[in-house]
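Analysis of the macromolecular model
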Amino acid sequence: MADSLVIVESPAKAKTIGKYLGSKYIVKASMGHVRDLPKSQIGVDVEQNFEPKYITIRGKGSVLKELKDASKKVKKIYLAADPDREGEAIAWHLAHVLDIKEDALCRVVFNEITKQAVKDAFKTPRQINMDLVHAQQARRILDRLVGYKISPLLWKKVKKGLSAGRVQSVSVKLIIDRENEIDAFVPEEYWTITVQLESGKSSFEAKFYSLNGTKKELSSEADVKEILQAIESQHYIVQEVKEKERLRHPSPPFTTSSMQQEAARKLNFRAAKTMSVAQQLYEGVELGKEGTVGLITYMRTDSTRISPTAQEEAKGYISDKYGSDYAPETPRQYSKKATNAQDAHEAIRPTSVMRDPETVKPYLSRDQLRLYKLVWERFVASQMTSAVMDTMTIDIKAGEAVFRANGSKIRFPGFMKVYVEGNDDGTVESDKLLPPLSIGDTLKQQDIEPKQHFTQPPPRYTEARLVKTMEELGIGRPSTYAPTLETIQKRGYVAIEEKKFVPTELGELVIQLMEEFFPEILDVEFTAHMEDDLDHVEEGTEDWHQVLDHFYESFEKRLEVAEEEMKEIEIEDEVSDEICEKCGRHFVYKMGRFGKFLACSGFPDCRNTRPIIKDTGVSCPKCKEGKLVERRSKKGRIFYGCDQYPACDYVMWDKPSTKPCPTCGSLMIEKRSKQGTKLQCTQCDHVEMNEADDDE
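Residues numbered from 1 in each chain as written. Predicted model: local features only at pLDDT ≥ 70, side-chain atom pairs only at ≥ 80, totals over all residues. Heavy atoms only, no water.

**Topic: the overall build of the chain**
- For the chain, the count of helices and strands is 18 helices and 30 strands.
- Taking all 696 residues of the chain together, 48% fall into the buried category.
- A total accessible area of about 35700 Å² is found for the chain, and carbon and sulfur atoms account for 47% of it.
- Side chains of the chain carry 103 positive and 113 negative charges; the gap between the two charge centres is 7 Å. (Helix = DSSP H or I, 4+ residues; strand = E, 2+ residues; numbered from the N terminus. Buried < 20%, exposed > 50% of the residue type's maximum accessible area, 1.4 Å probe, protein only. Areas by Shrake-Rupley, 256 points an atom, 1.4 Å probe, with all protein chains shown as cover. Lys, Arg positive; Asp, Glu negative; His and termini not counted. Charge placed at Lys NZ, Arg CZ, Asp CG, Glu CD.)

Right, dumping it as structure tokens:
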């Protein structure tokens, strides 16, 4: 008969841990938090030192009854929620409900859900860490004060259903500021001159670099003509050859932020999806005869630290698989990326490097396998030797002008044999070989191409870019990135267009009011400083009541002013020319989480909606009569279909190009690759780089 009760958050975690612990333990799930502040009221007594009023979360009564009944049948209760602030708070609430004494050694934490890690954790249970609980409680109360004090103001003055928050409001402001930068951007003209040169049977490119010994920027066509005149009839002679060895080091193992960014780049995962799949891998997957195993360590972390045991295992695996040259003599150590990074947990890594992606492939879903492969490869590469690159720079003189060619090749791949970090433009480093040349060699010109370019505005934020920026600025923490991105879309403050965030009129209006009446909430430094204060509470060096008191002192004054001075604003819908076919009223433009759409102005009497159709300018290849237009699926994914639907049912997922195939004249589509965006014919084998990408 069981003599101990173990409580975790989820059924999946309970199932995995239950198999490790055996019949003496009952393992049950609390299904997340069991108590919280009430939704119907603020639930914080500001006058009584910010005393919170906790109630049982709706729907959790039956869960708590089950846990209470189980607790009466055992001698010992263990609280094994996740190893972070939220997990500690869940344990504390459970202890309160189950009447567990404050000094009881009931808290069990593990960074990975493997048999050894779980059994070791149960050998050393500890008391609940009240510093962690206070840090979570302070954050919860802080967010409640901001949300429940400002939101009613916005409902009264602007529109019902709006909300404000410390992290979400700053995130929306970042997106708006970027949009303003883009709007204010003035493109500047610049030119390049590329010459194709021949040496024996080899040819290569060189770009104009300098004139009369001074590096020269080409800002106009007149500048280009000056260079072309200067090199007319001149011989191309090799002036200088520089060869260098360059080391390229691996990226550190994943933190929450870097995992979300890389999953977005390489797997096209949204931040919320990355965290959901990572949770599954952490909590455990059935691996046939091996049973249920947690495949990765805890996935909410900003640390790049790796345990010595994991490093030793990785070193052995790398030496056996790739050879001793690929394993550094001393394990790699990575410094904290951010000054405010917490080091309580390890980086995200596989629980055992011996479970390579091929081994576990039969047991994982497609998404689980793709994310696990990414985590596994990143970790293994992080423990490998650096790559050695041979680089070559050749300066070629043509009269008084100098052209420069750069080349490189991988002499020793090192970590690149396993994994190379992605980047936001999707390009990858590859060998760019130059022929063996010596000073004084004469080269033959095959072709010369002057090309006009214009500088580009800063890019809109993708989810990956925004998470990276939030981390760099110290806004939010690993557990808050994904929920924040979800919230700002649900509220209608931003929309996603072509996988990039665009602020809505509503978002701009709310942030404008916030800037006027609550500037501190939108101040990046203020928000980052508040995160530091919460970290100090967690470390036990600051009192959580004082942190809240310091914030509320000025916040309360701001509230009083806003109540008096904030004017009521009526948001008028923009009326379209299109008529609702159901009731005859005009459609108006509305903003949803996936961008603008048309809705009947007779709402709620008439609930008719219609997507805004974007014409691609490409004729339908099936019926030849219609045009291909951009549409959205119910899940928000963009596809392209004939505007004659349902008479013509032609659809495609890839974006059609207005440029016909130069080989057969058929439709070409855009395909993203590691080298950039390519145009690919739908009928023949023709493929070419998209010229629109060249200037980016």
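Anyway, onward from the coordinates.
**What about a negative patch on the surface?**
- Where like charges cluster on the molecular surface, the negative patch consists of Asp-45, Glu-47, Glu-51, Glu-516, Glu-556, Glu-560, Glu-564 and Glu-565.
- In terms of residue count, the dominant contributor to the negative patch is helix H18 (residues 544-565) (4 residues).
- With respect to the secondary-structure elements, Glu-51 resides in strand S5 (residues 51-52).
- Taking relative accessible area as the criterion, Glu-51 reaches 47% and is therefore assigned partly exposed. (Patch = residues over 30% accessible without salt bridge, like charges linked within 9 Å, V, L, I, M, F, W, Y side chains within 5 Å. Salt bridge = Lys/Arg side-chain N within 4 Å of Asp/Glu carboxyl O.)

**What about the pairing of strand S2 (residues 25-29)?**
- The pairing of strand S1 (residues 4-8) with S2 spans 5 bridges and is parallel. From the neighbouring strand, Ser-4 faces S2, where its bridge partner is Tyr-25.
- Between the parallel pair S1 and S2, the chain is carried across by helix H1 (residues 11-21), and the sense of this crossover is right-handed. (Pairing = 2+ DSSP bridges. Right-handed = clockwise from strand over helix to strand, strands pointing away.)

**Looking at the pairing of strand S14 (residues 387-398)**
- Relative to S14, strand S11 (residues 236-248) is paired through 11 bridges, and the arrangement is antiparallel. The partner of Arg-246 across the bridge, within S14, is Met-389.
- Across 11 bridges, S14 lies against strand S15 (residues 401-412) in antiparallel orientation. Residue pairing in the sheet places Ile-396 in a bridge with Phe-403 of S15.

**Digging into the nonpolar core**
- Judged by nonpolar contacts, the single largest core of 118 residues is most densely connected at Phe-110, Leu-371 and Phe-518.
- Not counting the four nearest positions on each side in its chain, Leu-371 is found in contact with Met-259, Ala-263, Leu-267, Phe-269, Thr-274, Val-277, Ala-278 and Leu-281.
- Counting residues in hydrophobic clusters, the runner-up holds 24 residues, among them Val-195, Leu-218, Val-238 and Phe-403. (Core = buried A, V, L, I, M, F, W, Y, C linked by side-chain atoms within 4.5 Å. Contact = heavy atoms within 4.5 Å.)

**Some thoughts on H18**
- Look at H18: 32 Å from first C-alpha to last across 22 residues, which is about the 32 Å you get at 1.5 Å a residue.
- At Tyr-552, H18 shows its largest bend, some 30 degrees.
- Every buried residue of H18 is listed here: Trp-544, Val-547, Leu-548, Phe-551, Tyr-552, Phe-555, Leu-559 and Ala-562.
- Looking at the buried positions of H18, the neighbouring elements they touch are S5, helix H5 (130-157), helix H15 (505-517), helix H16 (519-522) and helix H17 (524-539).
- Two or three places before His-545, at the start of H18, stands the capping residue Asp-543, its side-chain oxygen 3.1 Å from that residue's backbone nitrogen. (Expected span 1.5 Å × (residues − 1). Bend = angle between axes of the 7 residues up to and from the residue. Polar contact = N/O pair within 3.5 Å; in protein donor to acceptor, adjacent residues only side chain to side chain.)

**With respect to the side chain of Glu-531**
- In this structure, Glu-531 sits in helix H17.
- Reaching out from Glu-531, the side chain makes a polar contact with the side chain of Arg-139 at a distance of 2.6 Å.
- Each residue touching Glu-531, except ones within four places of it in the same chain, is listed here: Arg-139, Arg-166, Val-167, Gly-474, Gly-476 and Arg-477.

**Here we look at the sheet that holds strand S24 (residues 627-632)**
- In space, the 4 strands of this open sheet follow the order S23-S24-S25-S26, with antiparallel pairing throughout. If you trace the sheet from one side to the other, it starts and ends with strand S23 (614-619) and strand S26 (651-652), each paired once.
- Relative to S24, S23 runs antiparallel, the two being bridged by 4 bridges. When the bridges of S24 are listed, Ser-619 appears paired with Lys-627.

**Some thoughts on the pattern of salt bridges**
- Summed over the entire model, instances satisfying the criterion amount to 42 salt bridges.
- In this structure, Glu-486 and Arg-270 form a salt bridge, with 3.9 Å as the shortest nitrogen-oxygen distance. Residue Glu-486 is located in helix H14 (residues 481-490), and its partner Arg-270 is located in the loop between helix H8 (256-267) and helix H9 (271-283); the two are separated by 216 residues in the primary sequence.
- Ionic pairing is found between Arg-411 and Asp-390, a salt bridge with its closest N-O pair at 2.8 Å. Of the two residues, Arg-411 sits in strand S15 while Asp-390 sits in strand S14, which places them 21 residues apart along the sequence.
- Judged by relative accessible area, which is 21%, Asp-390 ranks as partly exposed.

**As for the confidence of the model for the chain**
- Of the residues in the chain, 95% reach a pLDDT of 70 or more, and the chain-wide mean stands at 90.
- Scored below 50 in pLDDT, residues 338-343 makes 15 contacts in the model with residues more than four places away or belonging to other chains.
- For residues 692-696, every residue scores under 50 in pLDDT, and the model assigns this stretch 8 contacts once sequence neighbours within four places are set aside. (pLDDT = per-residue confidence, 0-100.)

**Quick word on the sheet that holds strand S7 (residues 76-79)**
- Taken together, 3 strands build an open sheet; the order of strands is S2-S1-S7 and the sheet is parallel. The open sheet has two edge strands with one neighbour each: S2 and S7. Here the strands of the sheet are splayed against their neighbours by 20 degrees on average, with no regard to which way each runs. (Axes fitted to C-alpha atoms, helices over the stretch in contact; angles between N-to-C directions.)

**Thoughts on the packing of aromatic side chains**
- Applying the stated criterion across every chain, the model contains 16 aromatic pairs.
- Between Tyr-78 and Phe-122 the ring centres are 5.1 Å apart and the planes differ by 70 degrees, which places this aromatic pair in the edge-to-face class. Taken as a pair, Tyr-78 in strand S7 and Phe-122 in helix H4 (residues 115-123) lie far apart in primary sequence, 44 residues in all. Across the pair, exposure class does not vary: Tyr-78 and Phe-122 are buried alike.
- Ring centres of Phe-639 and Trp-653 lie 5.8 Å apart, and the angle between their planes is 70 degrees; this geometry places the pair in the edge-to-face category. Note that Phe-639 is positioned in strand S25 (residues 638-642) and Trp-653 in the loop between S26 and strand S27 (656-657), a separation of 14 residues in sequence. (Phe/Tyr/Trp six-rings, centres within 6.5 Å; stacked < 30°, edge-to-face > 60°.)

**Description of the side chain of Glu-283**
- As for its placement among the helices and strands, Glu-283 is situated in helix H9.
- The buried charged residue Glu-283 lacks any salt bridge partner; its closest oppositely charged side chain belongs to Lys-13, at an N-O distance of 6.0 Å.
- There is a polar contact of 2.7 Å between the side chain of Glu-283 and the side chain of Ser-10.
- Among residues more than four places away in sequence, those in contact with Glu-283 are Ser-10, Ala-12, Lys-13, Thr-16 and Ile-113.

**Describing the packing of H1 against H4**
- One can describe the packing of H1 onto H4 by two numbers: an axis separation of 10 Å at closest approach and a directional angle of 75 degrees. With respect to their mutual orientation, H1 and H4 come out roughly perpendicular. The residues of H4 that touch H1, namely those facing Ile-17, Tyr-20 and Leu-21, are Lys-115, Val-118, Lys-119 and Phe-122.
- Considering only residue class, the contact of H1 with H4 consists of 5 nonpolar, no polar and 2 charged. (Parallel < 35°, antiparallel > 145°, perpendicular 65-115°, else oblique. Nonpolar A, V, L, I, M, F, W, Y, C, P; charged D, E, K, R; others polar.)

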